[in-house]
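Observations on the three-dimensional arrangement
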Amino acid sequence: MLTPRQLFFQHVAQTSDFPLALEIEKAEGIYLHGSNGQRYIDLISGIGVSNVGHRHPNVVAAIQEQLEKYMHLMVYGEFVQTPQVQLAQALAQTLPETLSSVYFTNSGTEAVEGAMKLAKRYTGRREIISCFNAYHGATQGALSLSGGEWFKQSFRPLLPGIRHIQHGKLDHLAQITEQTAAVFMEVVQGEAGVRVPDPAYLQAVRQRCTEVGALLVFDEIQTGFGRTGTFWAFESFSVVPDILLCAKGMGGGMPIGAFISSPEIMGVFKTNPILGHITTFGGHPVSCAASLATLQVIQAEKLYEKAEEKGQLFRQLLTHPAIREIRGKGLMLAAEFESFEVLKAVIDRAIASDKIGVLTDWFLFCDNSMRIAPPLVITEDEIRLACAAILDAIENSAKSN
Ligand code: PMP
């Protein structure tokens, strides 16, 4: 009989020749428990998802409670579903008054797609601007916005009318014009290797968009819900977007996304055509219940407030000649090594570490930097343990090279 691992390679579609292929029996807090008896510290939160830790008891309870009532009832937007309504209200309460109308999706890339349609429909314009090295998703519209040419060239033709500018470069802002429907931008670029812009840059982007009547869309799919030290990353840059995107961490481990705007902008989906954007499962009641519990945990425990302090501890502890720099904000960090080869050896060693495995990763568009984005509930002692294992892995991988 084939093992689950063998069946994984046989029947589950593969997207690389070297998947991690860890078999996990249970996950709790920051820990993953492997079927081989090994325990792993999850330093990447399932790529920006498990901000409140795996299986947070409040999230599990909210899911169970909703399961007792109903799951899918009707396609999006027709029925008054309490978990959706409560989540939309709670999201609006975290945001400036203009961002009060929430459209729920199943994922990040769908939030991007919906926002692209919304911006085109509202402005009547065709052109969209995004940044080099941005990552906005893998469906064809979101992929068109994303920055890495190697990642999208095999799928052309993609959407026409997309223009890319350099994140952080003021003199590229002149490319935002009266033809521009929207500018899509990550507040802190994630897959580019965690690039934090100068607040003055984002303020200049805001000003330019306002001048020419383009909508400013912030993609907070990776930064959202507390990761960078504030509930939303944009809060610490004193800039308010016209449309805000979130997903990943908002579900506490369940699939959900959203694009959020003003009632005036969102209102255009009602006419010409009617049902301007539709989805069967977007805003699934179980996902909404999980998301509301997640939001409440992050607020009640003020997890975002401690993110910066914990991030600083990582920076202090991860000092080693092999680490060239650590970039980031809060608990969204990138530790840069000399090359992908050096980093990959460290990552492999850290996972295989015999005391406790540490799970890290690199970035889609920055393969010499280690992704460090643990659940926000990680404790000081756990940070010390994880950093000691990483330093050990650096030493051991250097020895075996
Ligand atoms: N935008 C950003 C900034 C992301 O990091 C991601 C996922 N890595 C996406 C969009 C796409 O989200 P999803 O994978 O849920 O479609």
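This text follows the structure it describes.
Cut-offs and rules
- Residues numbered from 1 in each chain as written.
- Predicted model: local features only at pLDDT ≥ 70, side-chain atom pairs only at ≥ 80, totals over all residues.
- Heavy atoms only, no water.
- Patch = residues over 30% accessible without salt bridge, like charges linked within 9 Å, V, L, I, M, F, W, Y side chains within 5 Å.
- Areas by Shrake-Rupley, 256 points an atom, 1.4 Å probe, with all protein chains shown as cover.
- Salt bridge = Lys/Arg side-chain N within 4 Å of Asp/Glu carboxyl O.
- Helix = DSSP H or I, 4+ residues; strand = E, 2+ residues; numbered from the N terminus.
- Buried < 20%, exposed > 50% of the residue type's maximum accessible area, 1.4 Å probe, protein only.
- Axes fitted to C-alpha atoms, helices over the stretch in contact; angles between N-to-C directions.
- Parallel < 35°, antiparallel > 145°, perpendicular 65-115°, else oblique.
- Left-handed = near helix turned anticlockwise from the far one by under 90°.
- Contact = heavy atoms within 4.5 Å.
- Phe/Tyr/Trp six-rings, centres within 6.5 Å; stacked < 30°, edge-to-face > 60°.
- Polar contact = N/O pair within 3.5 Å; in protein donor to acceptor, adjacent residues only side chain to side chain.
- Core = buried A, V, L, I, M, F, W, Y, C linked by side-chain atoms within 4.5 Å.
- Domains from an automatic or database assignment.
- Nonpolar A, V, L, I, M, F, W, Y, C, P; charged D, E, K, R; others polar.
- Near = heavy atom within 4 Å.

1. Considerations on a nonpolar patch on the surface
Taken together, Leu73, Met74, Val75 and Phe79 make up a surface patch of nonpolar side chains, about 320 Å² in accessible area. Following the sequence through the fold, Met74 ends up in the loop between α3 (57-67) and α4 (82-93). The exposure class assigned to Met74 is partly exposed, which follows from its relative accessible area of 32%.

2. Some words on the packing of α3 against helix α10 (residues 285-300)
For any two helices packed against each other, the geometry is given by the interaxial angle and the distance between the axes. It is at 8 Å that the axes of α3 and α10 come closest, and there the two elements cross at 150°. If you check the angle between α3 and α10, you find them roughly antiparallel. As for how α3 packs across α10, the hand of that crossing is right-handed. Two secondary-structure elements touch here, α3 through Asn58, Val59, Ala62, Ile63, Gln66 and Leu67 and α10 through Pro285, Val286, Ala289, Ala290, Ala293, Thr294 and Val297.

3. With respect to the packing of aromatic side chains
Taken as a whole and assessed by the stated rule, the structure comprises 16 aromatic pairs. Relative to Phe234, the ring of Phe218 has its centre 6.5 Å away and its plane inclined at 35°; by these criteria the two rings are tilted. Within this pair, whereas Phe218 is found in strand β8 (residues 215-219), its partner Phe234 is found in the loop between β8 and β9 (243-246), the two being separated by 16 residues in sequence. Classification of Phe218 by relative accessible area gives buried; the value is 1%. When the centroid spacing of 4.9 Å and the interplanar angle of 75° are considered together, the rings of Phe340 and Trp362 count as edge-to-face. With Phe340 in helix α12 (residues 340-352) and Trp362 in strand β14 (residues 361-363), this residue pair connects regions lying 22 residues apart in the sequence. Given a relative accessible area of 22%, Phe340 falls into the partly exposed group. Taken together, the aromatic side chains of Tyr76, Tyr103, Phe259 and Phe269 make up a single cluster linked through ring pairs.

4. A short note on the environment of Glu264
By secondary structure assignment, the location of Glu264 is in helix α9 (residues 263-266). Distance in space between the C-alpha atoms of Glu264 and Gln81 is 23 Å, their sequence separation being 183 residues. There is a polar contact of 2.6 Å between the side chain of Glu264 and the side chain of Tyr122.

5. Regarding the nonpolar core
Of all hydrophobic cores here, the largest spans 113 residues; its most connected members are Leu91, Phe184 and Phe314. Top element by residues in this core is α10. It accounts for 9 residues. Residue assignment places this core across two domains, with domain 1 (4-55 + 302-400) and domain 2 (57-300) each supplying three or more. When residues no more than four places from it in sequence are discounted, the contact partners of Leu91 are Val102, Phe104, Phe225, Trp232, Met250, Ile260 and Leu295. Among the nonpolar cores identified, the runner-up in size contains 6 residues, and Val188, Met332, Phe363 and Cys366 belong to it.

6. As for the packing of α4 against α10
In the contact formed by α4 and α10, the axes pass within 8 Å of each other and the chain directions differ by 35°. When the axes of α4 and α10 are compared, the crossing they make is left-handed. Of α10, the residues touching α4 (which contributes Pro83, Gln84, Gln86, Leu87, Ala90 and Leu91) are Pro285, Cys288, Ala289, Ser291, Leu292 and Leu295. Considering only residue class, the contact of α4 with α10 consists of 9 nonpolar, 3 polar and no charged.

7. With respect to the site of the ligand
Taken together, the residues surrounding the ligand are Ser107, Gly108, Thr109, Tyr135, His136, Gly137, Glu186, Asp219, Ile221, Gln222 and Lys248. Measuring from an oxygen atom of the ligand, one finds a backbone N or O atom of Thr109 at 2.8 Å. A distance of 3.3 Å is found between a nitrogen atom of the ligand and a side-chain nitrogen or oxygen belonging to Lys248. Look at the ligand: alone it shows 400 Å² of surface, and the protein chains cover 83% of it. Of the residues assigned to the shell around the ligand, the class counts are 2 nonpolar, 6 polar and 3 charged.

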